Amino acid sequence: MGGVPPEIVEFFRAFPGQSLLIRGLPGTGKTILAFEILGEICEKRNGLYISTRVEPSRLYMTSPWIRDFIPERNIIDATQDKLKRSLGLGVGGRSGEGLVFDYGTVLEFFRAVYEDAEDMENPVIIFDSWDGVLSHLNIEREAPALTQEICDFCREMEIHTIFVAERDAPAVIDYIVDGVITLRCPWMSDIRAISEASERLRVREIEINKLRGLPISRPKYLFTLHNGRFKYFPPFIEDLTARAEPIPDPDEEHISTGIRDLDDLIGGFRVGSFNLWEIGRGVNKRYDQMLLQMCMNMIGRGGGVIGIPPMGSSIMKVSIKNLLIHQPETDDVNVEISSLLTVVRRIHDKTGKPAFCFISIDTLENVFGEGNTIKFLENIAKISKETQLISSILYLMRSEAKISKLITQAADTYMVLMDIDGALTIYGVRPATGLYGITSDVGGIHLTPIV
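Residues numbered from 1 in each chain as written. Predicted model: local features only at pLDDT ≥ 70, side-chain atom pairs only at ≥ 80, totals over all residues. Heavy atoms only, no water.

Chemist: What exactly am I supposed to notice about the environment of Asp 332 here?
Modeler: If you trace the backbone, Asp 332 turns up in the loop between strand S14 (323-325) and helix H11 (333-351). The sequence separation of Asp 332 and Asn 372 amounts to 40 residues, and the corresponding C-alpha distance is 8.7 Å. Looking at Asp 332, its side chain comes within polar contact range of the main-chain nitrogen of Asn 334, at 3.1 Å. (Helix = DSSP H or I, 4+ residues; strand = E, 2+ residues; numbered from the N terminus. Polar contact = N/O pair within 3.5 Å; in protein donor to acceptor, adjacent residues only side chain to side chain.)

Chemist: What exactly am I supposed to notice about the pairing of strand S18 (residues 423-430) here?
Modeler: Looking down a regular strand, the side chains alternate between one sheet face and the other. S18 sits mainly inside the fold: six of its eight residues count as buried. Note: strand S17 (residues 413-420) against S18, seven bridges, orientation antiparallel. Bridge pairing in S18 places Met 418 opposite Thr 425. Between S17 and S18, which pair antiparallel one after the other, the connecting turn spans two residues, and Asp 421 there sits at a positive phi close to 55°. Strand direction decides the pairing type here: S18 and strand S19 (residues 432-441), joined by five bridges, are antiparallel. (Buried < 20%, exposed > 50% of the residue type's maximum accessible area, 1.4 Å probe, protein only. Pairing = 2+ DSSP bridges.)

Chemist: What should I look at first to understand the packing of aromatic side chains in this one?
Modeler: Each aromatic ring pair is summarised here by two numbers: the centre-to-centre distance and the angle between the ring planes. The tally for this structure, following the rule as stated, stands at 16 aromatic pairs. The interplanar angle of 80° and the centroid separation of 5.6 Å between the aromatic rings of Phe 109 and Phe 110 together place this pair among those described as edge-to-face. Each of the two residues, Phe 109 as well as Phe 110, counts as buried. Each residue in the set Phe 109, Phe 110, Tyr 114, Phe 127, Trp 130, Phe 153 and Phe 163 is aromatic and connected to the rest through ring pairs, giving one cluster. Note that Arg 67 overlies the ring of Tyr 60, its terminal NZ or CZ placed 4.0 Å from the centroid. The cationic tip of Arg 229 hangs over the ring face of Trp 65; the distance from NZ or CZ to the ring centre is 3.7 Å. (Phe/Tyr/Trp six-rings, centres within 6.5 Å; stacked < 30°, edge-to-face > 60°. Lys NZ or Arg CZ within 6 Å of the ring centre and 35° of its normal.)

Chemist: Explain helix H2 (residues 30-41) here, please?
Modeler: Along an α-helix, residues three or four apart share an orientation, since each turn contains 3.6 residues. Helix length check: H2, at twelve residues, gives a terminal C-alpha distance of 17 Å against a target of 16 Å (1.5 Å per residue), a fit within 8%. Burial analysis of H2 places nine of its twelve residues in the buried class, the great majority of the element. Buried within H2 we find Lys 30, Ile 32, Leu 33, Ala 34, Phe 35, Glu 36, Ile 37, Leu 38 and Ile 41. (Expected span 1.5 Å × (residues − 1).)

Chemist: I keep staring at the packing of helix H1 (residues 6-14) against H2 and nothing clicks. Help me out?
Modeler: To characterise two packed helices, one gives the angle between the axes of the helices and the distance between these axes. Put simply, H1 and H2 touch, their axes get as near as 10 Å, and they point 55° apart. Classified by the interaxial angle, the pair formed by H1 and H2 is oblique. In terms of crossing hand, the pair formed by H1 and H2 is right-handed. Only Ile 37, Glu 40 and Ile 41 of H2 make contact with H1, whose side of the interface consists of Ile 8, Val 9, Phe 12 and Arg 13. (Axes fitted to C-alpha atoms, helices over the stretch in contact; angles between N-to-C directions. Parallel < 35°, antiparallel > 145°, perpendicular 65-115°, else oblique. Left-handed = near helix turned anticlockwise from the far one by under 90°. Contact = heavy atoms within 4.5 Å.)

Chemist: I tried to follow the sheet that holds S14 on my own but got confused; where do I start?
Modeler: Ordered by their spatial adjacency, nine strands build an open sheet running S14-S13-S15-S16-S12-S17-S18-S19-S20, and the pairing between neighbours is mixed. Two strands lie at the open edges of the sheet, namely S14 and strand S20 (444-449), each paired on one side alone. Neighbouring strand axes in the sheet, compared pairwise and without regard to direction, differ in orientation by 25° on average. Where H11 meets the sheet, its contacts fall on strand S13 (305-308), S14, strand S15 (355-360) and strand S16 (390-398), and the angle it forms with S13 comes to roughly 155°.

Chemist: How do you make sense of the pairing of S19 when you look at a structure like this?
Modeler: Counted along the chain from S18 to the antiparallel partner S19, the turn is one residue long. Where S19 lies against S20, six bridges are found, and the strand directions are antiparallel. In the strand pairing of S20, Ile 438 is matched with Leu 447.

Structure (structure tokens):
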């Protein structure tokens, strides 16, 4: 998880005097993104913020980290009369319709802007919002002409410029600036048809519409404004070499999932519980790292794990003490129930503790068919309830599984994993949770709320 998508950073590093338009409806995170971009491309204290709405004290209160590159003197009130006069508009609300904006006019405009700002080299300017600036100057109709002149001036002076617009649809100035980015915050149900629980979830997406002269390798990213910072989620790639420190169980009645953030979310797995991960389209096997971290935590604390993984799972290739991979060898469900029970007893005798089990519903359906898969699961549930051999069970199930309704109703916890713009995400149906982006580092898996 990073601050600003690499395409945007490369855009500003490619040429001097770049102009970028960040557009989106109110609340989508445009200002925070503009500040994050400043943090990436600014030299110390050379940010210039021209605003129609934010006082310095309030700005520093909500985003204290911007002090290093936007000093208080460089927060300019765009409603000041001197800015109107610099454009030849005078004061008193007279419209600028019919005016011709040329190099000299724009030069006077920037002289008025810089008058109270700190002396600086290579400034980076934010107009927030450009719509508001034009409205206060009463020259909305002249937006294309003034925008063109400002962009030309900034290219010649090698000044990077960021315009913020309160809309998410194209307009004339989109064709003038060098780059265009759109931020959106749709409901999950508006972007894909999934479970009813998704109707209460918000998604944050950044779309890179235009970067003149540069390729756009990935047009969309998921992002979050967690802790008041803009962070995007790159495509998730599992890392089975990552090793997290063992995590203790939350309490005597619950077993740790091995992922601290997930424990905080659902409280761990209750002893004797049935838990479900629904695997959405596009996720493929990228949850293997989460599953392996879970298994390693169980083993690291002296227990054993028995797994019936999906076909092609990377976990089938992992050799770890007290992790036993069991694959049905026949389509006789009674034989396979007996075989699995033998394996469960063996790992229990070896560790002296109940085993954790994960079971792929897809694998069972491929071997037994729908009816016998249900029979197999009913017997496993009976073994879990009537013996002390199994601590808890995690079912792995594709969203399209035929017996999904039965499994979802029986699960004590029910989580859904999804791919959104290449990012791996998770949310809870039972218990109900918000949407979280999944990331990984040397310490293992982390969940970050999409807010």
